[in-house]
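Summary of structural features
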Amino acid sequence: MAERYRADILVSCLHDRAPDLIPNLKAEVIRRGLKDEVRVIEAGCRGFCSMGPVLLVEPNGIFYIGVQPADVPELVEETLVKGRVVERLTYEEPTTHASIAYYEDIPFYSKQERIVLRHCGLINPQSIDEYIAVGGYQALGKALISMTPEEIIDELKRSGLRGRGGAGFPTGRKWEAGRKAEGETKYVLVNGDEGDPNCFMDRALMEADPHSILEGLIIGAYVVGAHQGYIYIPYEHSGSVKSMRTALEQARDYGLLGADILGSGFEFDAELRLGAHSFVGGESTALMHAVEGKVSEPRPKHIHTTEVGIWGRPSCLNNVKTLSIVPEIISRGADWFGGIGTETSKGTQVFSLAGKINNVGLAEVPMGITIRELVFDVGGGIPKGREFKALQIGGPSGGFLPASLLDMPMDYETLADAGSMMGTGGVVILDDRTCVVDTARYFLDFLRDESCGKCTSCREGIRCMLEILTRITEGRGEVADLDTLETLGHVVKSVSLCGLGKTAPNPVLSTLRYFRDEYMAHIEDKKCPGGVCKALIEYYIIEDLCNGCGACRRKCPEAAISGEKKEVHVIDPALCIKCGICFDVCKFDAVGVR
Amino acid sequence: MPKLKSLEELQKLRQQLQGDIKARAETSTTITVGMGTCGIAAGAREVMRAILAELDARGIEAHVTTTGCIGMCSREPLVDIQQGGEARVTYGSVTAVMVPRLIEEHLIQGNVVQDWVIGRVAG
Amino acid sequence: MATLIIDGQEVHAEEGQTILEVARANGFEIPTLCYHPQLEPYGACRLCIVEVIRSGRSRLETSCTHPAWDGLEVKTRSPAVIEARRVILGLLLSRCPNVPVIQELALEYGITEPPFPAEDPEEKCILCGLCVRTCHELVKADVLNFSQAGVERRVGPPFLEKTRQCIGCGACTIVCPTGAIEIVLQQAGIYKEKPLGPTAAIWVPSLQAVPNVPVIDIDACIRFRQNDRTEGEIADACGVCQMVCEAGAINFDQQDEVVELAVGTVIVATGFQMWDPAQLSQYSYGKSPNIITGMEFEHLSNAGGITSGEILLADGRMPERVAIIHCVGSRDHNAHKYCSRICCMYSLKQAHLVRDKTGADVYEFYMDMRAFGKGYEEFYERVQEEGVAMIRGRGAEVEVLPDGKLRVKGEDANLGRLVYVDVDMVVLSTAIEAPHDANQVAALFGLSRSEDGFFAEAHPKMRPVETNTGGVFLAGTAQGPRDVPDTVAHAGAAASMALALMDQGEVTISPAVAVVDEELCSACKTCISLCPYTAISFIEEDNVARVNEALCKGCGTCVAACPAGAIMARHFTDLQILAQIEGLFRVPA
């Protein structure tokens, strides 16, 4: 333990991209005789997904992206031996094309306020020692020894922390209800079943900083009065399972789980419960059924699970992100947290940026950030300089926000009023070459597969709405369909049994609210403005721009393009299957869609 | 792994472990060793090792980084010490033998070793 | 006690009640499909939606699941509720457009056509879960459950395969609101042993059963099967029979009792069993459901049977031509050589019944008509006058024709010709034989069996009810084939002889019996198995064999067999016999 390294290289985002990167680095470090000075660490997710594998060299603070094993010798030589920056491996700012070498200068990171993700990518997640070294479990000590459960509840209430699982229920009130619930045996649960198809922050957190979740969980158990905890993770999420399992074992070894934690007299232990992943499996009553060993199916929540949960006992379920925030509030105080964010939504939100955006990844920013700032400042704008069309937020349960709302600050209330919802922070950016109708149809299709099928309104309602949307995208829609969608959508929303059904119509209803003209274009003009719906579009060559290079002709899988060298080419609509390969391949933007 | 039986034990462990990640910790002291080709030829590697060993032995928190050739090749090995808001001081022709005194006098006592200084950049 | 307001009216609710229960108790109508008062509410169909106003917020909730809390305001027919129900019924109708109950409900809310296309227009199941919950909570057979999710969700046994766990209790069919489940009778069962319809686990074996009370078949009964299957954990499944029995006559805890009686007189009346005609393949028994035995015909024609006494073929039609074949398995060197005595008369009776009930043509294939009793010959004449064709010649073969008709072939001995007749139904008058466990009964009581397999009487002419073992008597067909009047007489004789014996109190026996010298007996038990009159027993406490003088007939077998020479025949000792021999050979002086 007494080795003092002068430099730590934190490597993140290996996965399929460069599994050999770390062995390569280590070998090179040894080869250059730096074994005792430089340490290579596999850290967790840095959240800069489009740029991985990424590397942070401390103490310099140099950040490299897209590192491959072939780059290793140069990297070690230049940066670790000579202390110089390898420019070609640094982040390139999209508009100015300037190279930014230092981590703290990269806008994607500099504009973030990382609370949930505070340790992600900066420590070795499989080492409880590193977590303790950066101050981990200090908050637990403070909570157990110098605070009463009531004081902690007050602190959380004052901080304004709301659950980050999607519903945004005030955590202080939830734990208070749990504490007041009748019964000797109570449970605390962790929801590790991240279901939104475009969300990956829970996974990142579980894999990159599992101990922060555990710390929050133990504090929660202390407040509520539970001595047993369950961490529910789908078994398919093997990385998260492995990470949490190791963390549990290490915490147990150190006596942070078990009897008399840190000498406080409080006893608590937790175990993993694995289930089969499904979108509805993340719903609280469905999750509790799964922990009991039953099928992941929701039940009506007239009586809250904090009073009647697993096996009929009071159960407090929290999302992983919420739990990881709790130790920070304990350490730094409610006022600090309350000072970030908006009036109703305090603190930060972790957004997962996906879709037509340059900086695909995870960004944690204060609540109240405008859509414009998120998309253009943090997100780096839209690739190829295309136009912003909509921001979809809240996953399959959320809605679309048009360009007219670009300057709207985002928090729980503003988003709900606008017909969307915060959800877990999954964000998809659409540009002018995406079709809102098709995207709404995509989400409905997802929900149709994920519906448990118990209640009529969700099961049949989604199926029927999907049938209508499919017809519209194929050019067989009618104007009356839009009213049907509205009526059906509103009933499904108000009548369904669980959150899945209640929010399923949101994509449809919000697109009808803001993008009715696109629907009408599909129905009346039989056209798809985004150029996506295959039945309604046609690919053609723009004669003025085509120089006859033949790239499209060679790539066309149906041989639908004909033309001589150096002469304007032509697409035969009868053969064209609208795959879009010619559009992607043409370097002169000579392929158009109408 | 002995179980932690109290908050005090946790805090002690933390202090102990903090040294392991000192490369990532905030410190106000940075020592930079010139490791360009000229530096290495002049023996900068030995100087580097000596610095690390000395810091370790004395339990001092400081960042140690490298830099390339700054042009004063004849004076290599060059060692920069920057403490807090103080001026950055560059020592020249440093050898491993000189290191303990540098650490003792400059870092710990705050006195620059004038004889060995070849340059100063205002803080 | 909670107070709510439903549609402006104040009502009171008990602890634990739901809004639906309170509403219905107070006369408010709320439609439901997936609700049942005996089952846990499920909330699947969403039809029972009402508007619930609490703390100023109005929400649509299912009344079947929502607790009736104090201070709630409920609206059962507000515009939002009506609209919601209308849309839901539209969705249900779009799933099952051809289910009457849904069509009616939809019509009430103004829907005449399914608003959306149906994936399967013949779909009847609305996935309400009533069958699943019934099978799990009430019947506790756990056969049905949901599988798959979303629109693929369906109900059935595991992997949708037939399972023995389902005992066809029919509870699911009763509780299904759309008639999506039905019980299918298997046709081949129509002639089987249990006449009271598809297997109920509790049944009266036959209407003439004595005592005429139901009995529980514990291999079929859900309660016993669950008890076995869960090793006692679920011991109280179903129990519906006990619930409905007004006399309280059902006791699931009864155990087999072993009763030990010390008796001196036994009457063996173990009866007979029917011979299985499948053993002779020329009769094609089992190859067509319309070839039945005489006993099966009795079941069919019984007014308490499954056809209520009508003579019907397996497909439910009335036969037009019937053949009855005598001596199937009797008077047959390939089966039983003896005559079964009773068949001729019952075959005539059956022919008479067929003529009477169906008017069909009847052909009787016989060898000899044994009409030996009082009024028997007269009945035979009468049946002939009814037009039954008597063919003197054994029915030799029954062939199943491709169209299902049966061809009976035989020799008409009167005409001296081979004949055949094509009929719809064939009745085989099968032999009666000794029961399959006759050997065990014989061993128990020391009985011998005559050549025909029935128990041997002491003397065929003079002592028809006694056996060679004293105190053991025979009654009825245990001793040989006989019909009812003869059985009554025989049994009466056995009873009186038994009574006479018991009444005596003392018996006079011949003194020439065997005696065991207990000093010499080595307990090898050889004599015990040899004694034809089961007169020797092994006495455990004394470790010797002992002769029961009342039973011993003085045959001397044991005397000769005893290896230790420990048994002496009184008045027939070796010395006495040798003396007699010596006397015979003495030369007179």
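Scroll up to find the structure this text is about.
Attention here is on the structure that accompanies the text. Counting restarts for each chain, with residues numbered from 1 along the sequence as it is written. A letter from A marks each chain and a number from 1 marks each ligand, given out in the order of writing. pLDDT decides what is reported in this predicted model: residues at 70 or higher carry local features, side-chain atom pairs at 80 or more are listed and counted, and totals for whole chains, interfaces and linings draw on all residues regardless. Excluding hydrogens and water, the side-chain figures rest on all heavy atoms present in the structure.

**Structural notes on the pattern of salt bridges**
As a reminder, the rule being used: Whenever a carboxyl oxygen of Asp or Glu lies within 4 Å of a side-chain nitrogen of Lys or Arg, that contact is scored as a salt bridge. Helical segments are the DSSP runs of H or I of at least four residues, strand segments are the runs of E of at least two, and each set is numbered from the N terminus. Only protein chains enter the area calculation, which uses a 1.4 Å probe; residues under 20% of their type maximum are buried, those over 50% are exposed, and those in between are partly exposed.
Under the counting rule described, the total for this entry stands at 59 salt bridges over all chains. Between Lys157 of chain A and Glu176 of chain A there is a salt bridge, and its shortest N-O distance comes to 2.7 Å. Of this pair, Lys157 of chain A sits in helix H6 (residues 149-159) while Glu176 of chain A sits in helix H7 (residues 171-180), and the two are 19 residues apart along the sequence. A relative accessible area of 36% means that Lys157 of chain A is categorised as partly exposed. For Asp422 of chain C, the salt bridge goes to Arg407 of chain C, with nearest N and O atoms at 2.7 Å. In this pair, Asp422 of chain C sits in strand S18 (residues 417-423) while Arg407 of chain C sits in strand S17 (residues 406-412), placing the two residues 15 residues apart along the sequence. Classification of Asp422 of chain C by relative accessible area gives buried; the value is 19%. Overall, Arg407 of chain C belongs to the partly exposed group, its relative accessible area being 22%.

**A look at the packing of H6 of chain A against H7 of chain A**
Packed helices, taken two at a time, are described by the angle their axes make and the gap between the axes. All names here are of chain A. Threshold: What counts as an axis is a line fitted to C-alpha atoms, over the stretch in contact for a helix, and the angles between N-to-C directions run from 0 to 180 degrees. Under this scheme an angle from 65 to 115 degrees is roughly perpendicular, one under 35 degrees roughly parallel, and one over 145 degrees roughly antiparallel; angles in between are oblique. Residue contacts are counted whenever heavy atoms from the two residues lie within 4.5 Å of one another. By the convention adopted, Pro, Cys, Tyr, Trp, Phe, Met, Ile, Leu, Val and Ala count as nonpolar, Lys, Arg, Asp and Glu as charged, and the other residues, Gly among them, as polar.
Here H6 crosses H7 at 155°, and the two axes come no closer than 8 Å. When the interaxial angle is binned, H6 and H7 end up roughly antiparallel. For the pair formed by H6 and H7, the contact residues are Pro149, Glu150, Ile153, Leu156 and Lys157 on the first element and Gly172, Arg173, Trp175, Glu176 and Arg179 on the second. A breakdown of the residues in the contact of H6 with H7 according to their chemical character gives 4 nonpolar, 1 polar and 5 charged.

**Notes on the sheet that holds strand S4 (residues 62-64) of chain A**
All names here are of chain A. Selection criterion: Here, any two strands with at least 2 DSSP bridges between them count as paired.
Taken together, 4 strands build an open sheet; the order of strands is S2-S1-S3-S4 and the sheet is mixed. Either end of the sheet is taken by a strand with one partner, and the two such strands are strand S2 (38-42) and S4. Between one strand axis and the next, the sheet turns through 20° on average, direction left out of account. Pairing of strand S1 (residues 7-12) with S2, which is carried by 5 bridges, proceeds in the parallel orientation. Bridge pairing in S2 links Val11 to Glu42.

**Considerations on the pairing of strand S7 (residues 187-191) of chain A**
For a regular strand, side chains alternate in direction, first toward one face of the sheet and then toward the other. Residue and element names in this part refer to chain A. In terms of residue burial, S7 counts as a mostly covered element, since 5 of its 5 residues are buried. Two strands pair when backbone bridges link them, and S7 and strand S8 (residues 228-234) are joined in this way by 5 bridges, in the parallel orientation. What sits directly across from Val188, in S8, is Gly229. Examined bridge by bridge, S7 and strand S10 (residues 315-319) share 5 bridges and lie parallel to one another. Considered in S10, the bridge of Asn191 is made with Asn319.

**Brief notes about the interface of chain B and chain A**
Threshold: The term buried area denotes the loss of accessible surface (1.4 Å probe radius) that occurs when two parts are joined, taken as the sum for both partners. Whenever two N or O atoms come within 3.5 Å, that pair is a polar contact, provided that in protein one can donate a hydrogen and the other can accept it, and provided that, for residues adjacent in sequence, both atoms are side-chain atoms.
Contact residues are listed per partner, giving 35 residues for chain B and 44 residues for chain A. Summing both partners gives a buried area of about 3300 Å² for chain B against chain A, and 55% of it is carried by carbon and sulfur. Inspection of the chain B/chain A interface yields 1 salt bridge. At the junction of chain B and chain A, the tally comes to 8 residue pairs in polar contact (both at pLDDT 80 or more). Elements with a contribution of two residues or more to the side of chain B that touches chain A: helix H1 (7-18), helix H2 (37-42), helix H3 (44-58) and strand S2 (63-67) of chain B. By residue number, the principal contributor to the side of chain B that touches chain A is H1 of chain B, which donates 7 residues. For the side of chain B that touches chain A, the residue count by class is 15 nonpolar, 10 polar and 10 charged.

**Some details on a nonpolar patch on the surface**
Counted only if it meets this: Nonpolar side chains (Val, Leu, Ile, Met, Phe, Trp, Tyr) within 5 Å and like charges within 9 Å form the patches, drawn only from residues with over 30% relative accessible area and no salt bridge. Here, Shrake-Rupley sampling with a 1.4 Å probe gives the accessible areas, and only protein chains in the shown set may cover a residue.
There is a patch of nonpolar side chains on the surface, built from Phe572, Ile577, Leu578, Ile581, Leu584 and Phe585 of chain C and spanning about 650 Å² of accessible area. With respect to the helices and strands, the residue Leu578 of chain C is situated in helix H15 (residues 574-585).

**Focus: the interface of chain C and chain A**
Of the residues lining the interface, 30 residues belong to chain C; the matching set on chain A comes to 27 residues. Taking both partners together, chain C and chain A bury about 2400 Å²; carbon and sulfur atoms supply 63% of that area. On the chain C side of the contact with chain A, Arg46, Leu91 and Phe116 of chain C bury the most area, a combined 23% of that side's loss. There are 13 residue pairs in polar contact (both at pLDDT 80 or more) connecting chain C and chain A. Counting residues per element, the ones that place at least two in the side of chain C that touches chain A are strand S4 (57-62) and helix H2 (79-95) of chain C.

**Examining the nonpolar core**
Residues and elements named next belong to chain A. Spelled out, the test is: The set of buried Ala, Val, Leu, Ile, Met, Phe, Trp, Tyr and Cys residues whose side-chain atoms join them within 4.5 Å is what this entry labels a nonpolar core.
Counting residues in hydrophobic clusters, the biggest one holds 93 residues, and the most contacted among them are Leu469, Ile472, Leu485 and Tyr519. In contact with Leu469, other than residues within four places in its own chain, are Val437, Ala440, Arg441, Leu444, Leu485, Val508 and Tyr519. Core analysis: the next-biggest nonpolar cluster, separate from the first, contains 75 residues, Tyr131, Leu156, Leu161 and Val188 among them.

**Focus: the sheet that holds strand S5 (residues 117-121) of chain B**
Remark on secondary structure: sheet strands pair via backbone hydrogen bonds, oriented parallel or antiparallel. Residue and element names in this part refer to chain B. The mixed open sheet is built from 5 strands, whose spatial order is S2-S1-S3-S4-S5. Each edge of the open sheet carries a strand with a single partner, namely S2 and S5. For this sheet, the mean inter-axis angle between neighbouring strands, taken without regard to orientation, is 20°. As paired strands, strand S1 (residues 29-34) and strand S3 (residues 79-83) are joined by 5 bridges and run antiparallel to one another. When the sheet's bridge partners are listed, Thr30 is paired in S3 with Gln82. Seen against the sheet, helix H4 (residues 99-108) touches S1, S3 and strand S4 (88-91) and runs at an angle of roughly 25° to S3.

**A short note on helix H17 (residues 456-473) of chain A**
Helical periodicity: at 3.6 residues per turn, an α-helix aligns residues three or four positions apart in one direction. All names here are of chain A. This is how the line gets drawn: Here the expected span of a helix is defined as 1.5 Å times the quantity of residues minus one.
The terminal C-alpha atoms of H17, which comprises 18 residues, lie 25 Å apart, in line with the 26 Å expected from a rise of 1.5 Å per residue. The buried fraction of H17 amounts to 16 of the 18 residues, a majority that puts the element mostly inside the structure. Downstream of H17 by one or two residues, Gly475 has phi in the positive range, about 85°.

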